[in-house]
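So the chains spell out like this:
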Amino acid sequence: MKKFLILNSKSPKNKRQILSEQGFTLVEMLAVIIVFIVIGSIMVSILVTSLRTSHKTDVLTQVRENGNYVMTQVSKSIRDARGLISPFPCVTSTTVSTITILTADQDEITYTCTS
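If you're wondering where the values come from, they're calculated on a predicted model, not measured in any experiment.

The rules behind the values
- Residues numbered from 1 in each chain as written.
- Predicted model: local features only at pLDDT ≥ 70, side-chain atom pairs only at ≥ 80, totals over all residues.
- Heavy atoms only, no water.
- Helix = DSSP H or I, 4+ residues; strand = E, 2+ residues; numbered from the N terminus.
- Buried < 20%, exposed > 50% of the residue type's maximum accessible area, 1.4 Å probe, protein only.
- Contact = heavy atoms within 4.5 Å.
- Areas by Shrake-Rupley, 256 points an atom, 1.4 Å probe, with all protein chains shown as cover.
- pLDDT = per-residue confidence, 0-100.
- Patch = residues over 30% accessible without salt bridge, like charges linked within 9 Å, V, L, I, M, F, W, Y side chains within 5 Å.
- Salt bridge = Lys/Arg side-chain N within 4 Å of Asp/Glu carboxyl O.
- Pairing = 2+ DSSP bridges.
- Axes fitted to C-alpha atoms, helices over the stretch in contact; angles between N-to-C directions.

Asks: Any chance you could explain the overall build of the protein here in plain terms?
Replies: Along the protein, the regular secondary structure elements total 1 helix and 3 strands. Going residue by residue from the N terminus, the α and β elements of the protein occur as α-β-β-β. Counting over 115 residues, the protein shows a buried share of 5%. If you take every contact in the protein between residues at least 6 apart in sequence, the share linking residues at least 24 apart comes to 10%. Carbon and sulfur atoms provide 63% of the accessible area of the protein, an area that totals close to 10300 Å².

In structure tokens form, the structure reads like this:
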């Protein structure tokens with residue numbers, strides 16, 4: 001970066017004198033460093049936020065897939081059950097939190113909902 005200084009015509013020599021300097025001043029270097037630090041911190045913040053969001057999305061997707069798998073297996077075992085053991089009779093006036101079924105292999109399976 002070159003800096004030029006043009007002297008006015010009222011100077012003692014009445015000629016234009018051009019002074020040339022090379023390099024950067026300390027203030028210019030500090031300003032550039034501060035700008036890079038600000039831009040770098042903003043970019044790191046964006047990167048960390050996007051990585052957190054990506055990880056959160058991956059975990060939620062995995063939990064949803066696991067829940068869907070469990071519900072599919074439970075509904076399949078209830079659908080293929082040989083009989084209902086508890087609650088009996090099927091129509092009750094109270095809300096129940098457990099269900100016991102008899103599988104085709106004569107095994108009892110109890111499903112319980114906990115809050």
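Having seen the structure, we can now continue with the description.
Asks: What exactly am I supposed to notice about the confidence of the model for the protein here?
Replies: Do not read the predicted coordinates in detail wherever pLDDT is low. Here the protein averages 83 in pLDDT, and 78% of its residues register 70 or above. Across the protein, the element-wise mean pLDDT spans from 85 in strand β1 (residues 83–86) up to 96 in helix α1 (residues 26–79).

Asks: Sorry if this is basic, but what is going on with a nonpolar patch on the surface here?
Replies: Among the surface-exposed residues, Leu 26, Leu 30, Ile 33 and Ile 37 lie close enough to one another that they form a single nonpolar patch of about 410 Å² accessible area. For Leu 30, the position within the fold is in helix α1.

Asks: Before we go on, may I ask you to explain the pairing of strand β3 (residues 108–112) in this structure?
Replies: The two faces of the sheet receive side chains in turn, since in a regular strand these alternate between them. Sheet topology places strand β2 (residues 98–102) next to β3; 5 bridges connect them, and they run antiparallel. What sits directly across from Thr 100, in β3, is Thr 110. The antiparallel pairing of β2 with β3 creates a hairpin that spans 5 residues between the two strands, and Gln 106 there sits at a positive phi of about 65°.

Asks: Just checking my understanding: could you explain the pairing of β2 for this structure?
Replies: Alignment of β1 against β2, held across 3 bridges, turns out to be antiparallel. Bridging from a neighbouring strand, Leu 84 pairs with Ile 101 of β2.

Asks: Explain the sheet that holds β2 here, please?
Replies: Whether parallel or antiparallel, the strands of a sheet pair through hydrogen bonds between backbone atoms. A sheet is described by the order of its strands in space; here 3 strands give the open sequence β1-β2-β3, paired in antiparallel fashion. For this open sheet the edge positions go to β1 and β3, each flanked by a neighbour on one side alone. With strand direction ignored, the average angle separating the axes of adjacent strands in the sheet is 30°.

Asks: Even after reading the chapter, I still don't get unusual backbone geometry, so can you show me in this structure?
Replies: Residues other than glycine predominantly adopt negative phi, and peptide bonds predominantly adopt the trans conformation. The phi torsion at Gln 106 lies on the positive side, around 65°, for a residue other than glycine. Topologically, Gln 106 is positioned in the loop between β2 and β3. Among the residues examined, Gln 106 registers a relative accessible area of 48% and is labelled partly exposed.

Asks: Where do I start with the side chain of Thr 100 in this structure?
Replies: Looking at where Thr 100 falls in the secondary structure, it is placed in strand β2. Exposure remark for Thr 100: the relative accessible area of 9% places this residue in the buried category. Setting aside residues no more than four positions away along its own chain, Thr 100 makes contact with Leu 84, Ile 85, Ser 86, Glu 108, Ile 109 and Thr 110.

Asks: I tried to follow the side chain of Ser 77 on my own but got confused; where do I start?
Replies: If you trace the backbone, Ser 77 turns up in helix α1. Here Ser 77 falls in the buried class, since its relative accessible area comes to 17%. Here Ser 77 is in contact with Ile 101 and Tyr 111, once residues within four sequence places are set aside.

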